[in-house]
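Coordinate inspection notes
Chain residues, written in single-letter form:
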Protein chains: 4
Amino acid sequence: MSSKKKIGVLGASGYTGADAVRLLARHPHAEITTLTANTHAGRAMEDVFPHFFMLDLPKLVEWEKVDWEQLDAVFCGLPHGTTQEIIAAVLKANPAIKVLDMSADFRLRDREVYAKWYGHEHRAPELQGEAVYGLTEFYRKKIASSRLVACPGCYPTASLLALVPLAKAKLIDVHDILIDAKSGVTGAGRGLKQNTLFSEAGEGLSPYSVGTHRHAPEIEQEIGAAAGSAVTVNFTPHLIPMARGELCTCYVRLDGASVDDLRDALSNAYRNEPFVHVAKKGVMPQTQNVRGSNYVQIGVFPDRIKNRAIVISVLDNLVKGSAGQAIQNMNLMFGFPETAGLEQIALFP
Amino acid sequence: MSSKKKIGVLGASGYTGADAVRLLARHPHAEITTLTANTHAGRAMEDVFPHFFMLDLPKLVEWEKVDWEQLDAVFCGLPHGTTQEIIAAVLKANPAIKVLDMSADFRLRDREVYAKWYGHEHRAPELQGEAVYGLTEFYRKKIASSRLVACPGCYPTASLLALVPLAKAKLIDVHDILIDAKSGVTGAGRGLKQNTLFSEAGEGLSPYSVGTHRHAPEIEQEIGAAAGSAVTVNFTPHLIPMARGELCTCYVRLDGASVDDLRDALSNAYRNEPFVHVAKKGVMPQTQNVRGSNYVQIGVFPDRIKNRAIVISVLDNLVKGSAGQAIQNMNLMFGFPETAGLEQIALFP
Amino acid sequence: MSSKKKIGVLGASGYTGADAVRLLARHPHAEITTLTANTHAGRAMEDVFPHFFMLDLPKLVEWEKVDWEQLDAVFCGLPHGTTQEIIAAVLKANPAIKVLDMSADFRLRDREVYAKWYGHEHRAPELQGEAVYGLTEFYRKKIASSRLVACPGCYPTASLLALVPLAKAKLIDVHDILIDAKSGVTGAGRGLKQNTLFSEAGEGLSPYSVGTHRHAPEIEQEIGAAAGSAVTVNFTPHLIPMARGELCTCYVRLDGASVDDLRDALSNAYRNEPFVHVAKKGVMPQTQNVRGSNYVQIGVFPDRIKNRAIVISVLDNLVKGSAGQAIQNMNLMFGFPETAGLEQIALFP
Amino acid sequence: MSSKKKIGVLGASGYTGADAVRLLARHPHAEITTLTANTHAGRAMEDVFPHFFMLDLPKLVEWEKVDWEQLDAVFCGLPHGTTQEIIAAVLKANPAIKVLDMSADFRLRDREVYAKWYGHEHRAPELQGEAVYGLTEFYRKKIASSRLVACPGCYPTASLLALVPLAKAKLIDVHDILIDAKSGVTGAGRGLKQNTLFSEAGEGLSPYSVGTHRHAPEIEQEIGAAAGSAVTVNFTPHLIPMARGELCTCYVRLDGASVDDLRDALSNAYRNEPFVHVAKKGVMPQTQNVRGSNYVQIGVFPDRIKNRAIVISVLDNLVKGSAGQAIQNMNLMFGFPETAGLEQIALFP
């Protein structure tokens, strides 16, 4: 008899769901026993994602057909909006199940902020209160004892790992933060959109959602919490012709600190972290260094403008920016070694 | 007998030289009669750039072998440092020749700034004084009457077209300008470097020369001139996995002005310009819109931080960022229509 | 008053329609006066293709609203199946109009073959009989005097230019032709399909429609006509992670001839052709050499297997493989110089 | 005390060496204790390959400085030609060491064929005789008992897995095999070459070494051995704009067999193989399905030409095509489970 935890992945036909499957299928303490994808129900997973041809995976089913009591944990890669109602139903059917939500539905703690950015009142407000923000490095203890973790967006993970220790230590002016963010195309999901066609996104570069991206309030929530005051940040994302990877170039104003102070503060904050590395002086983070892995690399650089500095962070949006971090959180929740199933080195080239 | 101007391209084996050839070969008033490339002397151009198989071009020769009196103009795509001595020799041999320099050698007007950033005293200081900065839209009259034009770098062209009219109109704080710049790989030239190999640069994204890129002082020179005071700007370039294209995301602090004021100022500045277009409110510039063309597109967007705005500009680094602008300047110098040979529409997809 | 011909482009929201617009907008003897795109009717062309921001183009309208008598020619970039009925209506309304069809509807001369491969009886059989196959180099005279030209598919253009002169000269065994074809992603059009998303098509390579691609019967029709007997060819297409470009590697069995005989036959066939170049011995055709241009490059190579040879051809699928060849045909039909508007050199890099 | 085998990687600054490091660093029974790279001796591995920042690896040293008696096995990713002498020295110093050679030096069994294709007499002919060809699936027993394994080239691995079972079973005419091969750019190594620059190889496609590629005699050696007679094959490689991945489209003439016979023969041959999968009828292999993994996928398709079929295989050139297969062989040689350290699923997207 297997002592592995029984895992379901909801929304297995999307990229975050698929990357959860990729990692969970080789996890030493996990066993995928349920996969849902309502529009593909009845099909084999390898028909939807042919790179899984070597795995023996359960058929895709509709989420309404799942017996939640047979599962120890679910990873939820569903679209925002519908997720909250489904998770409420799941937790009602099995209050002991662990939920790793990779959607945006439980990330914002403030109901008004949620309603403003997502266009409707939250439909499971009591769970919104219960959910723990799943940025592992900052909420480790709470995550370990929770049953519902709202895994952060990819951009917030990259930005917050670069900025929160600096905000906490009051080394930077939290009211003058500019985040120029660059993301690979998988960040837009597997849905069919004209701007993510190869012929449109390839060999070119475009900003999008300038001033209106829904990851901005999430970043503000956490920097505000770290700084102890409400903040507004600039967050300007750009679509880059690569599939995976995210790089945030954060421009900060120093509050009396030096560039070395910033690097020291980050190095101290992440000294014992298995997945967050602060680059040595002069070493440039690049997304190639983390592709396919759960690692984050952060570098700090002087600005030519006095009293300014540049903090650059990179991660893989589908791993540390989504499925990988969710598994890291699951490891905490079940008491597994935090790195279990996540030690793949970046695939380069 | 042809009444076309006789043109030489020096450094024809590099990307900027080749793009000058691509455009000049179809220019209605120009005829390429000389091509130099010292390391490839004696070879046919189509052996070095096989996409020219359909053209009847002169053989590559060493620049020392050229009879400058037979030429009306030269385009110079040589590396910085050596360019200044070669151009001095060319102008000595034929003082009436028109020189379109695409290198960095004559762009900086201040000798000390030049010496600091390029590591040696200028070797043709009198010509440095004579050279006109070739940003067509701002120096049109001077260019028309000059014989030596220092065509700007690709990044300065993109940044300055976005910022100079705002600095002149005192709409922005010139001491708080941050330019997050993104460039395609051709910007690094055709020389063999590990970081520009397909397997290294592809499917990834990396910042480079953070705080140390030689285009920064050029940007500062021109913004300083526009504002009437010395300035220091942030300029942070990133290498993007695409061959051509450049996008500058400029973060500016407003000096009492509104975002619409900025857009209006730019629209007025470029109302009659054939190649610079200010995008309508809400339209996002993207490099795909200008690939292979001499056009520039600029957009203005509100920042979520109060009193801040974002100005985004795109161009093709080898065309308006180099060879195209050089031809635009040549057209002025010879009294041709400014758009002659430059009306290609962007190649999309 | 303009003496330019008045041109309509039907299906202007697709890639072939857009490339026709890109080229026609700078054509010396053409003027775009009508653009149709039924799903986008009422919108500006630059909202659908933002790289046209610098052009003053007519609004998109529904094809049913067009007054065909106001047009001298139409380019038709509509899906196959519907095209035939629309063209019938156009020619009924204005029998003197010139029609350049870029769809598949009139390419096959045999009604049964058409019905077999396209799944329905032809709906304009009399026009099918009238239409001239628009491979310019082989049907120049017929094209010049016709009013309805069925421009060939991109793969047939590349394959037939490589093979027809060899079949005609009986240098190869026409019953043992294998065409391994590789195409960029624009070949699949602008419609939303999962396999043409950047994240799916990028960084990978896949065969498709093996043994079932509709360009096969078109290739067989023309090689059969050249050889004087019905033939079946192997045609195996592959999707390559690039936007534009097509390369056909044709494996042929020699019928007594040598590899040099093949090269000579092709060189003779295309000696006076403005757009088809036979590469010198040892020179390797590559798609980069023709990107964005109307040129074709063909090379001939020995096979290690005795009595076999390899013929390789490249073109840009949207130009010589579609819109460019259509314009070349239009030039013939109106008596313009055949190269008018088509002399752009390949955009490399 | 670790009971892991002590491993050295020679030529660790190349792509195959690096991929060996990537996989060995997470191998349960291996420990990397030596890394050599003569041109980078003295540097940290993460300075040469920054994506290894999270690993604690030995410094790079010159191969002459290594104490071979401290090692249980070496992986050799050195250029061909020099490899043979170095391996001779290694085996002299430590006759019990296991050598996994990823170069071409010991792949050809016939000395004359070697001399003809590599331009010089073999410099370690006795070892050439001893070496076992490391295509695991066909030489498993010999590999398990050998100390020197010549791991096959990437193209031969892909081609031979597709063809050898068919040749053995006499289902195909071995004198009429055409292999149209497509490879990602890492296949050309990390050396600086103009044609592998991003700006040259991107957005385009080119054949290379047509009729002259050194993997051809290797393929012929093994198909000849399987068929029991000398053969000459067509092998035509193409460079594809992707970093990793290889696809061989093999055109074969049937010797009385049906397409289903071919698929059955391959399915039977690989029924118990952990890494070779024969796709179900109609399923198209694509390189995306195996990227970063040690898996191979093979599909069989009917040709429209009678008595012909198409066999398509895909693999990752740096994994099953090089470092992965070398580790698979090491596992056999040490008696580890054959899949140890090699079960990563393809990274898609």
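Cut-offs applied
Residues numbered from 1 in each chain as written. Chains lettered and ligands numbered in written order. Predicted model: local features only at pLDDT ≥ 70, side-chain atom pairs only at ≥ 80, totals over all residues. Helix = DSSP H or I, 4+ residues; strand = E, 2+ residues; numbered from the N terminus. Rg over C-alpha atoms; globule rule 2.2 N^0.38 Å. Buried ≥ 20, exposed ≤ 12 C-beta atoms within 10 Å, placed from the backbone. Domains from an automatic or database assignment. Contact = placed C-beta atoms within 7 Å. Nonpolar A, V, L, I, M, F, W, Y, C, P; charged D, E, K, R; others polar. Least-squares fit on C-alpha atoms with pLDDT ≥ 70 in both. Pairing = 2+ DSSP bridges. Axes fitted to C-alpha atoms, helices over the stretch in contact; angles between N-to-C directions. pLDDT = per-residue confidence, 0-100. Core = buried A, V, L, I, M, F, W, Y, C linked by C-beta atoms within 7 Å.

**Points about the overall build of chain A**
Of regular secondary structure, chain A possesses 11 helices and 14 strands. Here the C-alpha atoms of chain A give a radius of gyration of 20 Å, agreeing with the 20 Å that 2.2 N^0.38 yields for 349 residues. The dimensions of chain A, computed from C-alpha atoms along their principal axes, are 60 × 45 × 40 Å. Out of the 349 residues belonging to chain A, those deemed buried represent 62%.

**Some remarks on the domain arrangement of chain A**
Residues and elements named next belong to chain A. The domain architecture assigned to chain A consists of domain 1 (5-130) and domain 2 (155-317). The C-alpha-based centres of domain 1 and domain 2 are spaced at 27 Å. Contacts between the two partners involve 8 residues from domain 1, matched on the other side by 7 residues from domain 2. Taken together, the residues of the side of domain 1 that touches domain 2 sort by class into 5 nonpolar, 1 polar and 2 charged.

**Some words on the interface of chain B and chain A**
Contacts between the two partners involve 39 residues from chain B and, on the opposite side, 39 residues from chain A. Of all the secondary-structure elements, those providing two or more residues to the side of chain B that touches chain A are β8 (178-183), α8 (198-201), β9 (206-207), β10 (234-239), β11 (246-253), β13 (296-302) and β14 (308-315) of chain B. Residues of the side of chain B that touches chain A, tallied by class, amount to 19 nonpolar, 12 polar and 8 charged.

**Observations concerning the relation of the copies chain B and chain A**
With an RMSD of 0.0 Å, the fit of chain B onto chain A corresponds to turning through 180 degrees and sliding 0.0 Å along the axis. Such a turn and shift between the copies fits a two-fold axis. Taking the C-alpha atom as reference, chain B places B:Pro241 closest to the rotation axis, 3.1 Å from it. Most of the interface of chain B is mirrored in chain A: 100% of its interface residues are interface residues there too.

**Focus: the sheet that holds strand β4 (residues 73-76) of chain C**
Residue and element names in this part refer to chain C. The 7 strands lie next to each other as β3-β2-β1-β4-β5-β7-β6, forming an open sheet whose pairing is parallel. Two strands in the sheet have a free side with no partner beyond their single neighbour: β3 (60-61) and β6 (132-133). Sheet contacts for helix α3 (residues 83-93): β1 (5-10), β4, β5 (98-101) and β7 (148-150); angle to β5, the most-contacted strand, approximately 170 degrees.

**Thoughts on the confidence of the model for chain A**
Scored by pLDDT, chain A comes out at a mean of 97, with 99% of its residues at no less than 70. Scoring of the predicted complex yields 0.97 for pTM and 0.96 for ipTM.

**Things to note about the environment of B:His80**
Residue and element names in this part refer to chain B. Of note, His80 is situated in the loop between β4 (73-76) and α3 (83-93). Its 15 C-beta neighbours within 10 Å are what place His80 among the partly exposed residues. Considered as a pair, His80 and Ile177 are 97 residues apart in the sequence and their alpha carbons are 27 Å apart. Residues within four places of His80 in sequence aside, it is in contact with Ser103, Ala104, Asp105 and Tyr118.

**Considerations on the relation of the copies chain D and chain B**
Mapping chain D onto chain B leaves a residual RMSD of 0.0 Å; the transformation is a rotation of 180 degrees accompanied by 0.0 Å of translation along its axis. A high fraction, 100%, of the interface residues of chain D reappear at the interface in chain B, so the copies pair face to face through one surface.

**Examining the nonpolar core**
Note that soluble globular proteins tend to have their nonpolar side chains buried in a common cluster. Judged by nonpolar contacts, the single largest core of 482 residues is most densely connected at A:Val311, B:Val311, C:Val311 and D:Val311. With sequence-adjacent residues up to four places away left out, B:Val311 is seen in contact with B:Ala162, B:Leu163, B:Cys250, B:Val252, B:Leu262, B:Ile298 and B:Val300.

**Some remarks on the sheet that holds strand β3 (residues 60-61) of chain D**
Hydrogen bonds along the backbone pair up the strands of a sheet, which may run parallel or antiparallel. Residue and element names in this part refer to chain D. One open sheet accounts for 7 strands, arranged β3-β2-β1-β4-β5-β7-β6; its pairing is parallel. Among the strands making up the open sheet, the edge pair consists of β3 and β6 (132-133). Of the strands in this sheet, β1 (5-10), β4 (73-76), β5 (98-101) and β7 (148-150) touch helix α11 (residues 319-334), which is tilted by about 160 degrees from β5.

**Concerning the pairing of strand β10 (residues 234-239) of chain D**
Residues and elements named next belong to chain D. Within β10, 6 of the 6 residues are buried, which leaves it mostly tucked inside the rest of the structure. The two faces of β10 match: Asn234, Thr236 and His238 on one face and Phe235, Pro237 and Leu239 on the other face are all buried. With 6 bridges joining them, strand β8 (residues 178-183) and β10 adopt parallel strand pairing. Among the inter-strand pairings, Ala181 is bridged to a residue of β10, identified as Pro237. Note that strand β9 (residues 206-207) and β10 share 2 bridges and pair antiparallel. Within β10, the residue paired with Pro207 across the bridge is His238.

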